[in-house]
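# A look at the structure
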Amino acid sequence: ACPMLPPRPGARYQAAVRGRGGVPLGVVCVADCVPREFSQEEREILLEVACLLEHEIQTYATVQELNDRLSRQSLYDPGTGLPNETLFLSTLAELLDLRRGKTVALALVKLNRFEQVHRALGKVGADHAIDQAATRLRQACDTGTLLGRP
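Residues numbered from 1 in each chain as written. Predicted model: local features only at pLDDT ≥ 70, side-chain atom pairs only at ≥ 80, totals over all residues. Heavy atoms only, no water.

## Details of the layout of surface pockets
As a volume, the largest pocket reaches approximately 1000 Å³. In this structure, the largest pocket is lined by 33 residues; those nearest its centre are Ala107, Leu108, Val109, Gly148 and Pro150. Listing elements by their share of the lining of the largest pocket, those giving two or more residues are helix H2 (85-98) and helix H3 (114-140). (1 Å grid on protein atoms, 1.4 Å probe; cavity = no way out; pocket = protein on both sides within 12 Å on 5 of 7 lines; lining within 4 Å. Points joined across faces, edges and corners; volume = space filled by probe spheres on them. Helix = DSSP H or I, 4+ residues; strand = E, 2+ residues; numbered from the N terminus.)

Here it is in structure tokens:
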């Protein structure tokens, strides 16, 4: 439920609007030039409006969070956290365009005999080996180096 706030000068009625985790976002406030008291029914309606607004704000935040998560999942390898082929190639194209006429280095790292690693260690072990390789590449490269996993 949305808590009531103490009245402010000129305000006839107000109700808090809170976001996720109860974080205060604002206040629905009703004021007019003619002093009067709201009936209990009017107060309940205004409180319901504040609660509906609060719900819509929280729903919007949830949708944004889900969209961000989906976007991340569609652009990054879940095991290594490295950009996937789609993001890698689009970022590479942008970088090449920016560096047009300048020297650019591109390296492709292939894990030799990876099928043997997969057979010997299973999927979990092979995924761990790829994750370790990605971690070591990150550590070995300068900040700003574009890494990816096709």
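Read on, since the account is not over.
## Looking at the pattern of salt bridges
All chains considered together, the criterion is met by 4 salt bridges. Between Arg69 and Glu65 there is a salt bridge, with the nearest N and O atoms lying 3.2 Å from each other. Of this pair, Arg69 and Glu65 are both found in helix H1 (residues 40-75), 4 residues apart, which corresponds to roughly one turn of the helix. Glu65 gets classed as partly exposed once you look at its relative accessible area, which sits at 39%. Measuring nitrogen to oxygen at the nearest pair gives 3.2 Å for the salt bridge that ties Asp77 to Arg149. With a gap of 72 residues between them, Asp77 in the loop between H1 and H2 and Arg149 in the segment after H3 connect regions that are remote in the sequence. On the basis of relative accessible area, Asp77 is assigned to the buried category, the value being 13%. The class for Arg149 is partly exposed, based on a relative accessible area of 30%. (Salt bridge = Lys/Arg side-chain N within 4 Å of Asp/Glu carboxyl O. Buried < 20%, exposed > 50% of the residue type's maximum accessible area, 1.4 Å probe, protein only.)

## Details of the confidence of the model for the protein
Caution applies to low-pLDDT parts of the model: their predicted coordinates are not meant to be read in detail. For the protein, mean pLDDT is 82; residues scoring 70 or higher make up 87% of the total. Averaged pLDDT values for the elements of the protein fall to 69 in strand E1 (residues 11-18) and rise to 91 in H2. (pLDDT = per-residue confidence, 0-100.)

## Concerning H3
Over its 27 residues, H3 extends only 21 Å from the first C-alpha to the last, a length that falls short of the 39 Å expected when each residue adds 1.5 Å. The sharpest bend along H3 measures roughly 125° and falls at Gly122. Burial in H3 covers these residues: Phe114, Gly125, Ala126, Ile130 and Ala134. (Expected span 1.5 Å × (residues − 1). Bend = angle between axes of the 7 residues up to and from the residue.)

## Topic: unusual backbone geometry
The backbone of Arg113 sits at a positive phi, close to 55°, despite the residue not being glycine. Here Arg113 is to be found in the loop between H2 and H3. Owing to a relative accessible area of 60%, Arg113 belongs among the exposed residues under this scheme.

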